[in-house]
Amino acid sequence: QVQLVESGGGLVQPGGSLRLSCAASGFTFSIYAMSWYRQAPGKERELVAGITSGDGRTNYAESVKGRFTISRDNAKNTVYLQMNNLEPEDTAVYYCRADLFRPFWGQGTLVSVSS
């Protein structure tokens, strides 16, 4: 069974950092692109960052460039999202996605940025 399990979310103050992890299983992780999306209350889900399977090429939403870094460890079947200089506007449920024959989503992990 394909499974994506996000972890690392929580409450953090503005300016703080968090690292999200997405543990993948049930498919050949190394040959698929992975990405992180987020969805804030009342808003549509949006792409945060993506990483390819081969050369590890990355892309980011303009709102997070310079603050967030996506990476992957194929030996551990895990994709990460390092989030620095967090802002209240980053508050959302963050979802991991695997680009299989169809997009496959994890259940999400909540990131709350507030004082």
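Everything numeric here is computed off the predicted structure, so don't read it as measured data.

(A) Spatial organisation of the packing of aromatic side chains. All chains considered together, the criterion is met by 3 aromatic pairs. For the ring pair phenylalanine 27 and phenylalanine 29, a centre distance of 6.3 Å and an interplane angle of 45° mean the geometry is tilted. Of the two residues, phenylalanine 27 and phenylalanine 29, neither departs from the other in class, the shared state being buried. Ring geometry for phenylalanine 27 versus tyrosine 32: centroids 5.8 Å apart, planes at 70°, classification edge-to-face. Feature note: the residues Phe27, Phe29 and Tyr32 constitute an aromatic cluster, connected by ring pairs.

(B) Representation of the pairing of strand β5 (residues 46–51) within the structure. Summarising the sheet, strand β4 (residues 34–39) and β5 pair through 5 bridges and their orientation is antiparallel. Bridge pairing in β5 places tyrosine 37 opposite leucine 47. In this structure, the hairpin formed by β4 and β5 is closed by a connection of 6 residues, where glycine 42 is found at a positive phi of approximately 75°. Here β5 runs beside strand β6 (residues 58–60); their pairing, made up of 3 bridges, is antiparallel. By the bridge assignment for β6, glycine 50 is matched with asparagine 59. Here β5 hands over to β6 after 6 residues, with glycine 56 in that stretch at a positive phi of 70°.

(C) The arrangement of the pattern of salt bridges in detail. Applying the stated criterion to the full structure yields 6 salt bridges. Two residues, aspartate 90 and arginine 38, come together in a salt bridge whose shortest N-O distance is 2.9 Å. Note that aspartate 90 is positioned in the loop between β8 (78–83) and β9 (92–99) and arginine 38 in strand β4, a separation of 52 residues in sequence. No difference in accessibility class separates aspartate 90 from arginine 38, as the two residues are buried. Taking the shortest distance from any N to any O, the salt bridge between aspartate 99 and arginine 97 comes out at 2.7 Å.

Criteria and cut-off values
Residues numbered from 1 in each chain as written. Predicted model: local features only at pLDDT ≥ 70, side-chain atom pairs only at ≥ 80, totals over all residues. Heavy atoms only, no water. Phe/Tyr/Trp six-rings, centres within 6.5 Å; stacked < 30°, edge-to-face > 60°. Buried < 20%, exposed > 50% of the residue type's maximum accessible area, 1.4 Å probe, protein only. Pairing = 2+ DSSP bridges. Helix = DSSP H or I, 4+ residues; strand = E, 2+ residues; numbered from the N terminus. Salt bridge = Lys/Arg side-chain N within 4 Å of Asp/Glu carboxyl O.

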